[in-house]
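# Descriptive analysis of the structure
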Amino acid sequence: MRIARRSFLLGTGAALVAPRLGFAGVETLIDSPALAAKVAAGGLPPLSERLPKSPRLIEVAAMGRAPGRHGGTMRMLMGDQRDIRMMTIYGYTRLVVYDDKLELAPDLLESFEVERGRVFTLRLRAGHRWSDGHPFTAEDFRYWWEDVANNKRLSPGGPPQAMLISGQPCRFEILDELTLRYTWAEPNPVFLPAVAGAQPLYIAMPAHYLKQFHQRYAGKEELEQKIKSARVKDWGSLHERFSRQYRPENPDLPTLDPWRNTTSIPAERFTFVRNPYFHRIDENGRQLPYVDEVTLTIGSSALIPAKTAAGDADLQARYLRFEDYTFLKGAAKRMNFEVKLWKRAEGASFALMPNLNAIDPTWRDLNRDVRYRRALSLAINRRDINRVIYFGLAKESGNTALPESPLYDAALAQLNMTPDLAEANRLLDEIGLSKRDGEKIRLFPDGRRLEFTIETAGASTEETDILDLIKQDFIAIGIKIHPRSSQLDVFRRRILAGQTIMSGWTGMDNALVAAEMEPDALAPTSPAQFNWPRWGQYFESGGREGEEPTIQEAKELVELYRSWRHSTTHEERREIWQTMLKINAEQLFTIGVVNATLQPIVIAKALRNVPDNGLYSFEPGAFFGRYMPDTFWFEGK
Amino acid sequence: MLKYIFKRILVMIPTLFVTSVLIFTVINLPEGDYFETMVAEMQAQGEKADMSRVEFLKKEYGFDKPPAERYFWWVTGLLRGDMGYSFEYQLPVRDIVGDRLLLTMVVSFFTIIFTWIVAFPIGIYSATHQYSWGDYGLTFIGMLGLAIPHFLLALIFLYFANVWFGTSIGGLVDPQYLNQPMSWAKFKSVLEHLWIPVIIIGAGGTAGMIRKLRANLLDELQKQYYVTARAKGLPPGKALRKYPLRMALNFFISDIGDILPSIVSGAEIVAIVLSLQTTGPLLIRALQSQDMYLAGSFLMFLSFLTVIGVLISDIALAILDPRIRLQGTATK
């Protein structure tokens, strides 16, 4: 039934071609048939008036894909209402975006300039409009900076971290209606990556819409009325509720994304429709996105593999795991979809995290001994793990950059990764753990056995399966471990409190790194880093909580990270990154096991342009985002 | 009688008070709060949580205040009909629950009817034909329904409904009808999906009811008055309906107390497996993520219904069976 409607849309589509005056190689503009009736009725201006003067031209054929046609509904399944933020991620429309070489390129912006790493001039596209047709101008940036980021009620903590360098905010200037300048006293390499992130820093908001909720602009009585009907506490809560851009729950909030939400919460199914003012076109003059409508059906996440197998999704990766692959592949024969395998882009799909902040002094000192960490790494038989759990399809590697990253170093990825039991035993003897008991388990000088629990968050059986294999490897060098899975919150709290000696978790979230990205994952910067949570907490809280790092290499990493935050040139940043990767690989603060594991992607047979091979990651790929779902399209029957 | 009812209503007040304290305490027992859970979840997928924002939210919802104060705030809110605010949905609790209540009631209503329709005839039959093949056979089927875990039954039903009838997996309607106003097509779609949860949830209750009815009825059937009635020539059907069946129904009336809350809460586990848009999954999810006002207010709502239900069944019992004494001390 769905397909029938799709082909109907395609059938009527060809007639709607509007002439366009001289524009870079594109003679004519083609509007989506879905909007034709509205344009004809005068409810919407013709396409030529809706696009910016210089839309962003996406040469689909040059990307090795087929230019498409308009129409269709793309169905996806989500496990939670909050998942509608996936549309912001998949849509991946930012002021600047990472291009296929992981370099920053203008997207919403027409261009940007950076001087000495500290003066950023951003230029908007003339005639660019929000999804409600109101112009997108410097005023939207001013509104955010003056009335949101620097408003005591809306941002009690002041402007976000990426806007501060050494605690100092930037100077914000409007050069003209379309040109803005942000100036810091020192270089700020975080600014553009933050704006380009999968979870972006929004520095512009639709001022014309949001002013009605802002104390400074709205009439007092009107505001009272709105606070009352929305049943919120005050105007601040009101503004916060209606201005969420990352999680687009407010259907009235104008957006610049390819699709805009039309469903208000709570709902079981969200319908996103095309943004008639979207700024990208293909080489044939067709406005993107090709697909008119995207629906997200919310259900319990455990049922999503089954529902996907029943053909309920046109594009699905979220909530599918590698273990579902055979099942999906079997169903694919029956239903109308294909299953592709993309590579996941974590530094390690699974890594051991020795807790350097464990409370028990004996274990803490042992964890802090690099020889011990090296011995553990040398004892793990990664090839067996890869073969048993991943059918040999993953890659045995340390927790470091992936080969696709410009910072990849093959030697670092393999450092201490080849099993060598003799060397591992030698290292442990050297530490002074040479005594063993009747079971051949090593003993501490005080007589305790080298026996401990490795905890996981219990998200999947995959982790415990890996640990069961590692258990055998460790017994061979006289160490006994007990894998134990718990629940994410408990897991996290125990680690931070130092009750956990070692945990199992994924490595760097983003291993597709480039010099321009923040190297925060490589230094103790956050309590969410399970190998040194309290050092991370110390950094994040500015020394108010946690502990100061004590070992030399960790201090050095913090210093390197700080110097990256003040770096000016690409070369400088690249060098810092390389040093940090090197220290991490040599020191094995996290012991990676395998990476580049596979992510099943389910794609409807009629859906075109989804790459066969891709990298699946939140940052910087924005999952599908970097492959531009606005260029995906349905082939009619 | 009026005095009795009045007293019973007065007793409800301390009961509900104690319940509310218990609910609040239990929800607050796990360490941390909703915001920490949220941060953990975001970090688990690589997103960053703005810690200053979390601090801001905590303050906004009074998490910097002592629990006693928060309790007071919550309970007085409930008295005014304000069920609080759900952090997860970022909406007032009332708005979230309201939407799901209707569907839950539909499912529960049909389930109860289903249970009765199946259990009554079987119960009566097996009591009047004790130890016959029919008694054993039907009881066995009822027991199967009780013995097989509901979630397993749900998965099996889902699979076959999808493969044989093409019913979409999970949910109570086909996806295209979600968020649409009720229409004939939507109603048909609901009916198409409804039988699965109704049979699964009903299956368990059926066995219990069969056993209770059979046992109670067997007791009555051996009593003098029934034997006499039969001996005097009353036809078996009429004799059964007129006396022993009525007597055997006491348990049924006292069950009404439990029916009210179960109508609005639905069967949680089955609802989760089947991904029904009922209140059950909502409650469990709220408890998991420590979305405390959503969970707490909803539990309070259920307790309130239980108390009312018990009151109704007490009154009904007293009316139905004069042998039940209202006050133990009054008649010695």
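Residues numbered from 1 in each chain as written. Chains lettered and ligands numbered in written order. Predicted model: local features only at pLDDT ≥ 70, side-chain atom pairs only at ≥ 80, totals over all residues. Heavy atoms only, no water.

### A closer look at the overall build of chain B
As a reminder, the rule being used: The helix count covers DSSP runs of H or I at least four residues long, the strand count covers runs of E at least two residues long, and both are numbered beginning at the N terminus. By definition, residues are in contact when any of their heavy atoms lie within 4.5 Å. Working definition of accessibility: Shrake-Rupley area with a 1.4 Å probe, residue cover restricted to the visible protein chains. Charge convention: Lys and Arg are scored as positive, Asp and Glu as negative, and His as well as the terminal groups of each chain are ignored. Charged groups are reduced to one reference atom each: NZ for lysine, CZ for arginine, CG for aspartic acid, CD for glutamic acid.
Scanning chain B from N- to C-terminus turns up 15 helices and two strands. With the C-alpha coordinates aligned to their principal axes, the bounding extent of chain B is approximately 85 × 60 × 35 Å. Expressed as a percentage of contacts within chain B between residues at least 6 apart in sequence, the contacts between residues at least 24 apart total 75%. Total accessible area on chain B is roughly 17200 Å²; 70% of this is exposed by carbon and sulfur atoms. Computed over 28 positive and 25 negative side-chain charges, the inter-centroid distance for chain B is 16 Å.

### A look at the nonpolar core
One recurring pattern in soluble globular proteins is that nonpolar side chains are buried together. Note the cut-off: Definition of nonpolar core: a set of buried residues of the types Ala, Val, Leu, Ile, Met, Phe, Trp, Tyr and Cys, connected through side-chain atoms within 4.5 Å. The rule is simple: take the accessible area with a 1.4 Å probe, protein chains only, and divide by the maximum for that residue type; under 20% is buried, over 50% is exposed, in between is partly exposed.
Formed by 163 residues in total, the largest nonpolar core has its most connected members in A:Phe141, A:Met163, A:Tyr182 and A:Ile203. The leading source of residues in this core is helix α15 (residues 292-320) of chain B, at 11 residues. Apart from residues no more than four positions distant in its own chain, A:Ile203 is found in contact with A:Leu95, A:Leu122, A:Asp140, A:Phe141, A:Trp144, A:Met163, A:Tyr182, A:Phe191 and A:Val195. Counting 50 residues, the second largest nonpolar core, distinct from the first, contains A:Leu77, A:Ile501, A:Val594 and A:Leu598.

### Overview of empty space enclosed by the protein
Selection criterion: Here a cavity means grid points, on a 1 Å grid over the protein atoms only, where a 1.4 Å probe fits yet cannot get out; a pocket means an open set of points with protein on both sides within 12 Å along at least five of seven lines; lining residues are those with an atom within 4 Å of a point. Grid points are joined across faces, edges and corners, and a volume is the space filled by probe spheres set on the points. Only Asp, Glu, Lys and Arg are considered charged in this grouping, and only Ala, Val, Leu, Ile, Met, Phe, Trp, Tyr, Cys and Pro are considered nonpolar; every other residue, Gly among them, is considered polar.
Across all of its chains, the model carries five cavities of 30 Å³ or more by this definition. Taken as a whole, the largest cavity encloses approximately 350 Å³ of empty space. Among the elements of the structure, α4 (85-91) and β13 (259-261) of chain A are those that each provide at least two residues to the lining of the largest cavity. Tallied by class, the residues present in the lining of the largest cavity amount to 19 nonpolar, seven polar and three charged. Reported here for the second largest cavity is a volume of approximately 120 Å³. Lining of the second largest cavity is provided by 14 residues; of these, A:Glu240, B:Leu57, B:Tyr61, B:Tyr85 and B:Gln90 occupy positions nearest its centre. By residue class, the composition of the lining of the second largest cavity is eight nonpolar, two polar and four charged.

### Here's the deal with the pattern of salt bridges
Residue and element names in this part refer to chain A. Note the following rule: We count a salt bridge whenever a side-chain nitrogen from Lys or Arg sits within 4 Å of a carboxyl oxygen from Asp or Glu.
Counted by the stated rule, this structure contains 50 salt bridges over all chains. A salt bridge links Asp630 to Arg280; its shortest N-O distance comes to 2.9 Å. Of this pair, Asp630 sits in the loop between β27 (615-616) and β28 (633-634) while Arg280 is found in strand β15 (residues 280-282), placing the two residues 350 residues apart along the sequence. What emerges from the salt-bridge pattern is a single network uniting Glu139, Arg142, Glu146, Asp147, Lys211 and Arg216.

### Brief notes about the sheet that holds strand β23 (residues 502-505) of chain A
Residues and elements named next belong to chain A. Let me state the cut-off plainly: If DSSP finds at least two bridges between two strands, the strands pair. Interaxial angle, 0 to 180 degrees, is taken between N-to-C directions of lines fitted to C-alpha atoms, where a helix line uses only the stretch in contact.
Strand order in the open sheet made by the six strands is β20-β24-β19-β23-β21-β22, with mixed pairing throughout. In this open sheet, the two strands that pair with only one neighbour each are β20 (395-396) and β22 (480-485). Where strand β19 (residues 350-354) lies against β23, four bridges are found, and the strand directions are antiparallel. Following the sheet pairing, Ala351 is matched in β23 by Trp505. Together, β20 and β24 (591-595) form the strand contacts of helix α14 (residues 382-390), whose direction differs from that of β24 by roughly 40°. Helix α17 (residues 461-475) rests against β19, β21 (451-456), β22 and β24 of the sheet, and its axis sits at about 175° to β22.

### What to know about the interface of chain B and chain A
Using the following cut-off: Simply put, the buried area is the total loss of 1.4 Å probe accessible area from both parts when two parts are fitted together. What qualifies as a polar contact is a pair of N or O atoms within 3.5 Å, subject to a donor-acceptor requirement within protein and to the restriction that residues adjacent in sequence count only when both atoms come from side chains.
Between chain B and chain A, the residue contacts involve 49 residues of the former and 46 residues of the latter. Surface buried jointly by chain B and chain A totals about 3900 Å² across both partners, of which 45% is contributed by carbon and sulfur atoms. Among the ionic pairs, A:Asp80 bridges to B:Arg285, the shortest N-O distance being 3.8 Å. Counting across the chain B and chain A interface gives one residue pair in polar contact (both at pLDDT 80 or more). Secondary-structure elements contributing two or more residues to the side of chain B that touches chain A are α2 (34-44), α3 (51-60), β2 (91-92), α5 (93-128), α7 (150-165) and α13 (268-273) of chain B. Residue composition of the side of chain B that touches chain A, by class: 21 nonpolar, 14 polar and 14 charged.

### Observations regarding the sheet that holds β27(A)
Read from one edge of the open sheet, four strands run β17-β25-β18-β27 (chain A), paired in mixed fashion. In this open sheet, the two edge strands, each paired with only one partner strand, are β17 (315-316) and β27 of chain A.

### Digging into the environment of B:Leu16
Residue and element names in this part refer to chain B. Take Leu16: it is sitting in helix α1 (residues 2-28). Under the relative-accessibility criterion, Leu16 is labelled buried at 16%. The spacing of Leu16 and Pro281 is 265 residues in sequence and 24 Å in space, taken between C-alpha atoms. If sequence neighbours within four positions are ignored, Leu16 has contacts with Met300, Ser303, Phe304 and Val307.

### Describing a nonpolar patch on the surface
Residue and element names in this part refer to chain B. To keep things clear, this is the line we draw: Candidate patch residues must exceed 30% relative accessible area and have no salt bridge, after which like charges are joined if within 9 Å and Val, Leu, Ile, Met, Phe, Trp or Tyr side chains if within 5 Å.
Residues Phe151, Leu152, Leu155, Ile156, Tyr159, Phe160, Val163, Trp164, Phe165, Trp195 and Ile269 make up a contiguous nonpolar surface patch of roughly 1100 Å² in combined accessible area. Relative to the elements of secondary structure, Tyr159 occurs in helix α7. Looking at Tyr159, the relative accessible area reads 46%, which means it is partly exposed.

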